[in-house]
Amino acid sequence: MSESLSRRRFAIAAVGTAMAAVSGAPVIAKAWADRPQSVSVLPGVTPSTDAYTQAFLTQYAKIKNAANGYFSPEGIPFHSVETLIVEAPDHGHQTTSEAFSFWFWLEATYGRVTGDWTAFNSAWTTAEHYIIPQHIDQPTNSSYNPSSPATYAPEWPDPSSYPSPLDTSVSVGQDPLANELTSTYGTSDIYGMHWLMDVDNTYGYGNTPGTGAETGPTATGPSYINSYQRGSQESVWETIPQPCTDLMKYGGTNGYLDLFVKQSGAYATQWKYTNAPDADARSVQAAYWAYRWASAQGASSQVAASAAKAARMGDYLRYSLFDKYFKQIGSCTSPTGCTAGSGRSSEHYLMAWYYAWGGAEPGGGWAWRIGDGASHQGYQNPIAAWAMSNVAALTPMSPTAKGDWTSSLARQLEFFRWLQSAEGAIAGGCTNSWNGAYATPPAGDPTFYGMAYDWEPVYHDPPSNNWFGMQAWAMERLAEYYYVTGNAAAKTILDKWMAWAASKTTVTSSTFSIPSTLSWSGQPDTWNASSPGANASLHVTVAAFGNDVGVCAAYVKALTYYGVKSGNTTYTALAKSLLDVMATFADAKGIAVPETRTDYSRFNDPVFVPSGWSGKMPNGDPIAPGATFLSIRSWYKNDPSFPKVQAYLNGGAAPSFTYHRFWAQADIAMAYAVYGELVAGGGSTGGDTTPPSAPTNLAVTGVTSSTVSLSWTASTDNVGVTGYDVYRNSALAGTTTTATTFTDTGLSASTAYNYSVVATDAAGNLSAASSTVSATTSAGTVTTGTVKAQYKNLDSSPGDNQIKPGLQVVNTGTTPLALSTVTMRYWFTSDGGANTFSTNVDYAVIGSGNVTHSVVAVPAAKTGADHYLLVGFTAGAGSLAAGASTGEIQNRFNKTDWSNFTETNDYSYATNTSYADAPKVTVYINGTLAYGTEPS
């Protein structure tokens with residue numbers, strides 16, 4: 001159940017390391033003057049006439065010109081215009097969730113420039129019809145058991161070790177998301193994109209979206225397929241594709257299932273899908289920009305429905321933040337020794353390589369879900385995580401989603417810092433499951449929150465972090481986040497990365513050279529959040545340079561966002577130089593360069609088929625030991641471009657191709673638009689460098705023991721204010737969109753806080769801060785009559801490395817109480833060590849999956865408390881009848897470094913071992929203190 005390899009590319013040799021800026025204005029002027037006029041602009045919106053915005057419109061028109069072949073008859077973007085191309089997809093007329101995500105982003109940019117949001121919304125509608133499986137395509141999710149998410153099967157490095165046996169003796173953890181998602185959306189189906197589709201049904205499975213069928217080669221239109229399933233060494237050249245709905249009509253006796261998984265007993269017909277988290281996160285990223293730009297035009301309502309779809313996708317995307325089998329994070333060195341997780345103990349908060357889900361066909365009665373413990377730097381997306389935790393329109397609906405994405409944002413920034421080499425490039429990543437089997441990492445391997453460093457996470461042929469595109473994609477997202485927020489940690493990382501990348505970039509009047517293939521040596525220091533290491537022994541060198549225009553586009557956007565926000569014109573000048581020279585590579589279909597494909601010698605590579613296994617592809621190609629990449633894809637011999645490959649296989653020169661990949665051509669268009677918007681003055685919101693005025697008349701309008709309410713007078717702006725950031729004691733407390741009021745919650749009683757407010761506009765300009773006001777929360781009081789907490793001590797060792805409070809809520813009122821409105825706080829001191837925590841619910845009468853739990857830092861430490869365990873309830877917990885108790889909830893938490901506590905000085909600590917009323921455990925209803933006394 002492994003995910004796709006990267007949309008990786010192969011080295012194109014070039015030389016040079018010095019940066020030089022050149023002017024390409026005559027070429028640009030001619031190209032833009034010749035652009036097709038097949039674009040529409042809504043009344044009242046005037047696109048800028050600067051050359052770079054016009055360049056966007058030129059490139060956009062080429063992509064949308066039906067004669068150029070970027071889209072299928074159904075309106076699905078192909079991976080590439082050309083059919084003969086083998087990289088992660090093994091055919092050009094496949095598509096990926098990646099292509100869809102770039103399509104969303106392209107149409108969002110078009111909406112900014114023209115004011116027309118129709119195409120952006122249509123792209124989301126198309127995605128829901130095709131790349132996001134419908135209910136009939138994933139029909140048995142209702143059989144899923146969150147307490148038993150999937151049966152463990154080890155991964156093996158080499159395809160020859162497959163099929164991998166299912167192993168029921170290895171325990172798996174609990175899925176804390178499923179019940180919440182089902183309750184939130186009223187369905188057990190997953191709302192996420194499958195990563196790969198055969199748009200022309202070239203393979204002939206006929207696994208058509210919206211049918212749940214396998215109707216064969218005669219079916220027209222797109223078909224769900226999957227490929228990579230057999231370990232880190234499996235390259236595209238060693239894959240055996242299969243349909244996502246395997247009804248055993250093709251392949252062998254058991255369809256394709258027993259090529260990958262070995263089990264006792266009969267195999268069942270089933271369905272399965274794999275999500276590429278970077279694509280879904282990019283979709284959220286695109287929706288954020290669409291919402292921001294539409295809001296600046298006064299048209300937020302036009303994109304609100306699509307933004308809500310992106311937020312929903314981000315809700316399910318949280319599966320990528322968890323270990324594959326929901327085992328605890330850190331120190332997992334054997335399948336049986338790695339503890340099964342519960343609650344958030346299995347959440348690493350990073351964007352992992354995939355998540356996947358599947359189940360039996362109707363009547364089978366089972367379904368499964370998995371996350372992934374391997375995380376690659378190139379998949380992280382801080383701007384998407386920020387949007388989902390700070391922008392109301394993009395915040396997922398589930399109760400714990402905002403908290404998950406808030407934690408993920410912080411963890412991603414730490415991840416980049418941990419992996420930054422001495423030179424500035426970002427190394428590979430980490431894994432919670434060494435070799436995909438919870439094996440023991442090499443001695444001395446550094447760790448990140450207990451997860452082992454891996455310089456080539458997920459795949460090794462070629463190494464996953466050797467392609468410079470992974471650098472450009474990740475740093476472009478980080479640069480966007482820095483541009484929007486001004487985050488200092490992001491700037492520190494970008495300062496070093498930009499200097500390194502620019503030093504490896506050469507631009508002349510006719511070509512450019514950027515890194516293509518990287519080489520790594522050494523390791524990072526083990527992560528220490530309070531004192532990050534210098535990584536003096538972690539190094540990168542550039543093994544080969546190239547002129548990949550798609551990668552260059554992402555690099556240009558990173559340079560532009562960073563250069564504008566930092567005020568460093570060196571980088572915006574380099575962005576301009578690269579854009580200008582890329583214009584010289586324009587052709588009728590886009591902007592592209594020839595590529596010599598020496599890797600196409602691998603068309604005859606053997607594809608491992610286990611001894612004794614035999615079957616057939618839908619066109620009759622035999623699958624048996626001795627099969628090759630080409631022999632099970634004999635249809636490739638009919639491709640008009642295949643004679644070039646055959647000549648190479650016969651001993652001739654390596655073939656050259658000029659490819660128009662959808663993602664690359666879309667990103668090129670957007671690179672011109674971003675430069676036009678931020679530097680050259682393009683678009684309806686482009687070129688705006690005027691910050692809003694500072695908010696005035698900030699005032700405290702109310703306080704309780706745990707809340708402070710504020711109001712202020714609105715800021716003004718030359719384009720329009722889009723929101724306000726509210727700061728508590730110089731830390732961000734929350735944001736609003738256009739409201740000029742805010743209530744800060746979760747505060748400590750009898751505590752003074754300082755507040756200020758900063759306005760932001762659609763171009764990301766920030767105002768000066770308002771004046772500061774102070775507020776002191778009221779004293780906590782004991783309140784009874786509606787609810788109370790009861791506590792017992794579950795741990796007889798107050799000096800060990802875990803705290804285990806038993807808690808329960810009693811409804812002392814006369815009417816039922818909705819548990820989703822109730823939270824409890826167990827107050828304690830962290831006593832040094834790590835300032836991050838793992839929390840678990842070992843048992844709950846109402847079901848541990850219905851209990852939420854996290855540790856929250858107290859803004860200002862109190863006697864006996866600098867943190868509290870926050871316990872809440874999902875909607876699935878239901879109502880608590882008058883006089884009733886939730887029954888026992890066995891809680892357990894620890895610091896992530898497993899250092900010891902001293903519980904005897906904790907505010908809520910007591911020694912009773914049977915349940916008793918506990919006024920030092922506070923209870924809240926809808927955020928208002930309802931029982932107990934907060935520490936002072």
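Note that this is a predicted model, so its numbers are computed, not measured.

Analysis parameters
Residues numbered from 1 in each chain as written. Predicted model: local features only at pLDDT ≥ 70, side-chain atom pairs only at ≥ 80, totals over all residues. Heavy atoms only, no water. Helix = DSSP H or I, 4+ residues; strand = E, 2+ residues; numbered from the N terminus. Areas by Shrake-Rupley, 256 points an atom, 1.4 Å probe, with all protein chains shown as cover. Lys, Arg positive; Asp, Glu negative; His and termini not counted. Charge placed at Lys NZ, Arg CZ, Asp CG, Glu CD. Buried < 20%, exposed > 50% of the residue type's maximum accessible area, 1.4 Å probe, protein only. Contact = heavy atoms within 4.5 Å. Polar contact = N/O pair within 3.5 Å; in protein donor to acceptor, adjacent residues only side chain to side chain. Disulfide = S-S within 2.5 Å. Pairing = 2+ DSSP bridges. pLDDT = per-residue confidence, 0-100. Salt bridge = Lys/Arg side-chain N within 4 Å of Asp/Glu carboxyl O. Arc of directions from axis to C-beta. Core = buried A, V, L, I, M, F, W, Y, C linked by side-chain atoms within 4.5 Å. Phe/Tyr/Trp six-rings, centres within 6.5 Å; stacked < 30°, edge-to-face > 60°.

Scanning the protein chain for helices and strands turns up 15 helices and 40 strands. The C-alpha extent of the protein chain, read off along each of the three principal axes, is 85 × 70 × 50 Å. Carbon and sulfur atoms make up 53% of the accessible area of the protein chain, which totals about 29500 Å². Taken as two groups, the 48 positive and 69 negative side-chain charges of the protein chain have centres that lie 2 Å from each other.

As a further point, take the environment of Tyr924. Of note, Tyr924 is situated in strand β39 (residues 921-925). Classification of Tyr924 by relative accessible area gives buried; the value is 1%. Between the alpha carbons of Tyr924 and Thr400 there is a distance of 17 Å; along the sequence they are 524 residues apart. With residues near it in sequence (within four places) discarded, Tyr924 still touches Thr821, Val822, Thr823, Arg825, Trp827, Leu929, Ala930 and Glu934. Polar side-chain contacts of Tyr924 include one of 3.4 Å to the side chain of Arg825.

Further remarks concern the state of the cysteines. A complete count under the given rule lists one disulfide for this structure. Each sulfur of the disulfide joining Cys332 and Cys338 lies 1.8 Å from the other. You can call Cys332 buried: its relative accessible area is 6%.

On to the pairing of strand β23 (residues 708-713). Note that strand β22 (residues 696-703) and β23 share five bridges and pair antiparallel. Looking across to β23, one finds that Val703 is bridged to Val708. Between β22 and β23, which pair antiparallel one after the other, the connecting turn spans four residues.

This part is about the sheet that holds strand β13 (residues 447-448). Spatial ordering of the open sheet is given by β11-β12-β14-β13, a layout of four strands whose pairing is antiparallel. At either end of the open sheet lies a strand with only one pairing partner, and these are β11 (374-376) and β13. With three bridges joining them, β11 and strand β12 (residues 429-431) adopt antiparallel strand pairing. Residue pairing across strands places Ala374 opposite Thr431, the latter belonging to β12.

The next thing to look at is the sheet that holds strand β37 (residues 889-895). Strands sit in the order β33-β37-β30-β29-β38 across an open sheet of five strands; the sheet is antiparallel. Among the strands making up the open sheet, the edge pair consists of β33 (837-844) and β38 (916-917). Where strand β29 (residues 787-793) meets β38, two bridges bridge the pair, whose relative direction is antiparallel. Considered in β38, the bridge of Tyr791 is made with Ala916.

Residue-level pLDDT values for the protein chain average 91, and 93% of them are 70 or greater. Below a pLDDT of 50 lies the segment residues 1-38, which in the model reaches 120 contacts outside its immediate sequence neighbourhood of four places, other chains included. Contacts for the low-pLDDT stretch residues 682-687, under 50 throughout, to residues beyond four places or in other chains number 24 contacts.

Now for the pattern of salt bridges. Overall, the coordinates contain 28 salt bridges when judged by the stated rule. Ionic pairing is found between Arg597 and Asp599, a salt bridge with its closest N-O pair at 2.9 Å. One salt-bridge network, in which partners are shared between bridges, spans Glu180, Asp315, Arg318, Arg344, Glu347 and Asp404.

Looking only at helix α14 (residues 642-649), the buried set comprises Phe642, Val645 and Tyr648. Down the axis of α14, the buried set is contained in an arc of 115°. They therefore lie on one face. After α14 finishes, the residue Gly651 shows a positive phi value of roughly 110°.

Moving on, we come to the side chain of Asp605. Among the structural elements, Asp605 can be located in the loop between β18 (594-596) and β19 (615-616). A relative accessible area of 18% places Asp605 in the buried class. Separated by 2.6 Å, the side chains of Asp605 and Arg602 make a polar contact. Residue contacts for Asp605: discarding those within four places in its chain leaves Trp237, Ala627, Thr628 and Phe629.

The next subject is the nonpolar core. In this structure, Phe56, Leu394, Tyr555, Tyr600, Phe603 and Tyr672 are the most contacted members of the largest nonpolar core, which totals 214 residues. No other element matches helix α15 (residues 662-680), which puts 13 residues into this core. Filtering out sequence-adjacent residues up to four positions away, Phe56 remains in contact with Leu106, Thr109, Tyr110, Val113, Ala669, Met670, Tyr672 and Ala673. Val787, Ala789, Phe828 and Ala930 belong to the second largest nonpolar core, which has 30 residues in total.

Glancing now at the pairing of strand β25 (residues 731-736). Side-chain direction in a regular strand flips from residue to residue, so the side chains alternate between the two faces of the sheet. In terms of strand pairing, strand β24 (residues 721-728) meets β25 through five bridges, oriented antiparallel. Of the residues in β25, the one forming a bridge with Asp725 is Thr735. Linking β24 back to β25 in an antiparallel pair, the connection comprises two residues, with Asn729 at a positive phi of about 50°.

Positionally, Asp50 belongs in the loop between α1 (25-33) and α2 (51-64). Lacking a salt bridge, the buried Asp50 has Arg112 as its closest oppositely charged neighbour, with an N-O distance of 7.3 Å. One polar contact links Asp50 to Thr53, side chain to side chain, over a distance of 2.7 Å.

What follows concerns the packing of aromatic side chains. One pass over the structure, following the stated rule, counts 70 aromatic pairs. With a centroid separation of 5.8 Å and 40° between ring planes, the pair formed by Phe56 and Tyr60 is classed as tilted. A residue pair is termed a helical-turn pair when its members lie 3 or 4 positions apart in one helix, as Phe56 and Tyr60 do in helix α2 at four residues. The same class applies to Phe56 as to Tyr60, namely buried. Relative to Tyr316, the ring of Tyr185 lies with its centre 5.6 Å away and its plane at 35°, an arrangement referred to as tilted. With Tyr185 in helix α5 (residues 178-185) and Tyr316 in helix α7 (residues 300-316), this residue pair connects regions lying 131 residues apart in the sequence. The pair Tyr185 / Tyr316 is uniform in exposure class, with both members buried.

Our focus in this paragraph is the environment of Phe260. Looking at where Phe260 falls in the secondary structure, it is placed in the loop between β6 (245-246) and β7 (261-262). Spatially, the C-alpha atoms of Phe260 and Ala153 are 9.9 Å apart, while their sequence positions differ by 107 residues. Once residues lying within four places of it in the same chain are set aside, the contact partners of Phe260 are Tyr162, Pro163, Ser164, Gln229, Arg230, Ile240 and Gln242.

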